[in-house]
Amino acid sequence: MKDRKVFGRALVLAVPMMIQNGITNAVGLVDNLMVGSLGTEAFTAVSIIGQLIFVFNLAIFGGMSGPGIYGAQYYGQQNTEGFQSTVRIKHWIGLGVLIGGLAAFIFGGEFLIGLYLKGESGDIDPVLTMDIAKDYLSVMLWGLPPFVITQIYAGSLRETGASFKPMAAGVASVGVDVLFNWLLIFGKFGFPQLGVRGAAIATVMSRFVEVLIVVGLAFIARKKHTFLIGLYKTMLVPKGSAAAIVKKSLPIFFNEFLWAGGMAVLTQCYSHRGLDVVAGLNISNALCNMLNVVFIALGNAVGILVGQTLGASRYKEAKSEAFRLMWFTGGISFVLTAILVSISGVFPNSYVTTDVVKSYATWFIVITALFFPLQGFLNALYFTLRSGGKTLVTFLFDSVFTWVISVPAAFVLCNFTALPILSVFAIVQSLDFIKVTVGYILVRKGVWISNLVGEKT
């Protein structure tokens, strides 16, 4: 009965996130397929920009996660004033990351894109790919500000257990994105045929729809979400609270930023084996991202539920919940593996591209799928450690590992060995067994168990 109760609470919180992120990724998949019909250069360019914006998105996620740890514990403690402080800090962090991101993309966009065009391919034109990517990025930048605001509100609502409103906003934005992608990419019903640029415009429109809905729904229900009442009377945060939250937040911010950067560098390492490899990875990621939202949402639920329990000072219960949810997440990931493997040979045929790219995509999907249970368990371990504020540990556990172990391994294997790229990809994926072993020992020892917000005064 305890298992059912814990799993039920996790699913109530996680399922709306799964639906929202799943639909968002489904849209990304549809976008990918639509753009893929324009040729290999088009969807390769879009995938490169997607990889760069992924780094920005993860930096925002990391910046919001530190205050989010405190937010979950403050909510468990029923401390509205403390919760408001976390929301205000999110605004300042979001503004800082936004300014930095825009500066990097505006002044260094061409250089960053060029890093992925080092490999050779007889079938893909790197000059055309560069031109398409620059045009796509110039439009996508307009979608960054509404994305930041959405993350502030969506994360804060989820920390109170309210996952439905962000989900509703996400679903609506997805509808806008799919519709206008079709209208603007192909020029339907009198709309201009804009190709890849049309895909970018549709995405930006969906970002604005999402932020208007999530903020609007939150304020309509502000009697329920009491932290919104008086939230903007001041944007100042008590010095002591700000220092404590920022101290915990910085390792998470740098962790997410560096981890996402590490993933981008890994792709860049693989690109040395040719643009066909980049295109194959793009097709694989489009499908795999559809299903990994399950264990990502469950990981978020682990962090929120365990954080709330820690904030209420129920430590034994928190440890018990964490282990139940970790095994639950790992078990569900086996089902996802079976689904991915079963469709790995069919999905790449949806793209207008070469047989070489399709073959790479099929095997990248299979290899990624086989490691899904490992990733599911690892994700739950990570959020468990983070729920107790062990942000420095997760920094070492995640991004430092990526840069010290995974990236050098990929670089050496891609540039100084004759191993096939698929073997290199599998070896790099398998290195995460080290992280799972270390993470499990840390969680088992209970080093993460702590109440960051103390007793309510």
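Bear in mind that the values here come from a model prediction, so they are computed numbers and not experimental data. (Residues numbered from 1 in each chain as written. Predicted model: local features only at pLDDT ≥ 70, side-chain atom pairs only at ≥ 80, totals over all residues. Heavy atoms only, no water.)

**What about the overall build of the chain?**
Reasoning step 1: Assigned secondary structure in the chain consists of 16 helices and 0 strands.
Reasoning step 2: For 457 residues, the compact-globule formula gives about 23 Å, and the C-alpha radius of gyration of the chain, at 22 Å, lands near that figure.
Reasoning step 3: Taken over 457 residues, the chain has a buried fraction of 57%.
Reasoning step 4: Residue pairs at least 24 apart in sequence account for 85% of intrachain contacts in the chain once pairs closer than 6 positions are excluded.
Reasoning step 5: As displayed, the chain has an accessible area near 18800 Å², and 68% of this comes from carbon and sulfur atoms.
Reasoning step 6: Within the chain, one finds 32 positive and 21 negative side-chain charges whose respective centroids are separated by 17 Å. (Helix = DSSP H or I, 4+ residues; strand = E, 2+ residues; numbered from the N terminus. Rg over C-alpha atoms; globule rule 2.2 N^0.38 Å. Buried < 20%, exposed > 50% of the residue type's maximum accessible area, 1.4 Å probe, protein only. Contact = heavy atoms within 4.5 Å. Areas by Shrake-Rupley, 256 points an atom, 1.4 Å probe, with all protein chains shown as cover. Lys, Arg positive; Asp, Glu negative; His and termini not counted. Charge placed at Lys NZ, Arg CZ, Asp CG, Glu CD.)

**Topic: the layout of surface pockets**
Reasoning step 1: Of the volumes computed, that of the largest pocket is approximately 470 Å³.
Reasoning step 2: Taken together, 21 residues line the largest pocket, and the ones lying closest to its centre are Leu 52, Val 55, Ala 104, Leu 112 and Phe 257.
Reasoning step 3: Elements with a minimum of two residues in the lining of the largest pocket: helix H2 (40–77), helix H3 (80–114) and helix H8 (239–271).
Reasoning step 4: Its residues assigned to classes, the lining of the largest pocket shows 16 nonpolar, 5 polar and no charged.
Reasoning step 5: The volume enclosed by the second largest pocket comes to roughly 230 Å³.
Reasoning step 6: Around the second largest pocket, the lining is made up of 13 residues, and of these Tyr 75, Thr 160, Lys 224, Thr 226 and Phe 227 lie nearest the centre.
Reasoning step 7: Those elements that place two or more of their residues in the lining of the second largest pocket are H2 and H3.
Reasoning step 8: Across the lining of the second largest pocket, the residue classes break down as 5 nonpolar, 7 polar and 1 charged. (1 Å grid on protein atoms, 1.4 Å probe; cavity = no way out; pocket = protein on both sides within 12 Å on 5 of 7 lines; lining within 4 Å. Points joined across faces, edges and corners; volume = space filled by probe spheres on them. Nonpolar A, V, L, I, M, F, W, Y, C, P; charged D, E, K, R; others polar.)

**Some details on the pattern of salt bridges**
Once their charged atoms are close, side chains differing in charge can pair, the charge on each being opposite to the other.
Reasoning step 1: Applying the stated rule across the entire model yields 5 salt bridges.
Reasoning step 2: Here Arg 197 makes a salt bridge to Asp 135, at a shortest N to O gap of 2.4 Å. Taken together, the residues span a long stretch of sequence, with Arg 197 in helix H7 (residues 196–220) and Asp 135 in helix H4 (residues 126–140) at a distance of 62 residues.
Reasoning step 3: For Asp 135, a relative accessible area of 31% puts it in the partly exposed group. (Salt bridge = Lys/Arg side-chain N within 4 Å of Asp/Glu carboxyl O.)

**Some words on the environment of Ile 229**
Reasoning step 1: Residue position: Ile 229 is located in the loop between H7 and H8.
Reasoning step 2: For Ile 229 and Met 130, which are 99 residues apart along the polypeptide, the C-alpha to C-alpha distance reads 48 Å.
Reasoning step 3: Leave out the neighbours within four places in its chain, and Ile 229 touches Gln 84 and Arg 222.

**Quick notes on the packing of aromatic side chains**
Think of a pair of aromatic rings as described by two things: how far the centres are apart, and how the planes are tilted against each other in angle.
Reasoning step 1: Throughout the structure, instances matching the rule amount to 13 aromatic pairs.
Reasoning step 2: Ring centres of Phe 364 and Phe 425 lie 4.9 Å apart, and the angle between their planes is 70 degrees; this geometry places the pair in the edge-to-face category. Taken together, the positions of Phe 364 in helix H12 (residues 355–370) and Phe 425 in helix H15 (residues 421–430) put the pair 61 residues apart, joining distant regions of the chain. With respect to class, Phe 364 is no different from Phe 425; both count as buried.
Reasoning step 3: An angle of 85 degrees between the planes, with centres 5.3 Å apart, marks the rings of Tyr 382 and Phe 383 as edge-to-face.
Reasoning step 4: Taken together, the ring pairs in this structure connect Tyr 270, Tyr 360, Phe 364 and Phe 425 into an aromatic cluster. (Phe/Tyr/Trp six-rings, centres within 6.5 Å; stacked < 30°, edge-to-face > 60°.)

**Digging into the state of the cysteines**
Reasoning step 1: Overall, the coordinates contain 0 disulfides when judged by the stated rule.
Reasoning step 2: Take Cys 288: it sits in no disulfide, and the sulfur closest to it among the cysteines is that of Cys 414, at 18 Å.
Reasoning step 3: For Cys 288, a relative accessible area of 3% puts it in the buried group.
Reasoning step 4: In this structure Cys 414 is not part of a disulfide, and its nearest cysteine sulfur, from Cys 269, lies 5.8 Å away. (Disulfide = S-S within 2.5 Å.)

**Observations regarding the packing of helix H5 (residues 144–159) against H7**
Reasoning step 1: Where H5 meets H7, the closest approach of the two axes is 9 Å, and the angle between their N-to-C directions is 35 degrees. Like other packed secondary-structure pairs, H5 and H7 cross with a definite hand, here left-handed. Between H5 and H7, the contacting residues are Pro 146, Phe 147, Ile 149, Thr 150, Tyr 153 and Leu 157 on the first element and Arg 207, Phe 208, Glu 210, Val 211, Val 214, Val 215, Ala 218 and Phe 219 on the second.
Reasoning step 2: Of the residues in the contact of H5 with H7, the class split is 11 nonpolar, 1 polar and 2 charged. (Axes fitted to C-alpha atoms, helices over the stretch in contact; angles between N-to-C directions. Left-handed = near helix turned anticlockwise from the far one by under 90°.)

**Re the nonpolar core**
Reasoning step 1: In terms of nonpolar packing, the biggest core is built from 83 residues, with Val 35, Ile 49, Phe 56, Phe 105, Ile 113, Tyr 136 and Leu 340 touching the most fellow members.
Reasoning step 2: In terms of residues, this core owes the most to one element, H2, which gives 16 residues.
Reasoning step 3: Counting 37 residues, the second largest nonpolar core, distinct from the first, contains Ala 318, Phe 323, Ala 380 and Val 407. (Core = buried A, V, L, I, M, F, W, Y, C linked by side-chain atoms within 4.5 Å.)

**Quick word on a nonpolar patch on the surface**
Reasoning step 1: Together, Trp 403, Val 404, Ile 405, Ile 434 and Val 438 line one region of the surface with nonpolar side chains, adding up to about 420 Å² of accessible area.
Reasoning step 2: When residues of the nonpolar patch are traced back to their parent elements, those giving at least two are helix H14 (391–416) and helix H16 (432–445).
Reasoning step 3: The dominant element in the nonpolar patch, judged by the number of residues it contributes, is H14, at 3 residues.
Reasoning step 4: Summarising the element assignment, Val 438 is placed in helix H16.
Reasoning step 5: A relative accessible area of 42% places Val 438 in the partly exposed class. (Patch = residues over 30% accessible without salt bridge, like charges linked within 9 Å, V, L, I, M, F, W, Y side chains within 5 Å.)

**What to know about H16**
Reasoning step 1: With 14 residues, H16 should reach 20 Å at 1.5 Å per residue; the first-to-last C-alpha distance of 20 Å fits that figure.
Reasoning step 2: Of the surrounding secondary structure, the elements contacted by the buried residues of H16 are helix H11 (315–343), helix H13 (372–387), H14 and H15.
Reasoning step 3: Of the residues flanking the end of H16, it is Gly 446, one or two places downstream, whose phi is positive at about 75 degrees. (Expected span 1.5 Å × (residues − 1).)

**Some points on the side chain of Thr 402**
Reasoning step 1: Along the chain, Thr 402 falls in helix H14.
Reasoning step 2: Leave out the neighbours within four places in its chain, and Thr 402 touches Trp 259, Gly 262, Met 263, Val 407 and Pro 408.

**Focus on unusual backbone geometry**
Reasoning step 1: Phi is positive for Phe 189, which is not a glycine, with a value near 50 degrees.
Reasoning step 2: Relative to the helices and strands, Phe 189 resides in the loop between helix H6 (164–186) and H7.
Reasoning step 3: You can call Phe 189 exposed: its relative accessible area is 70%.

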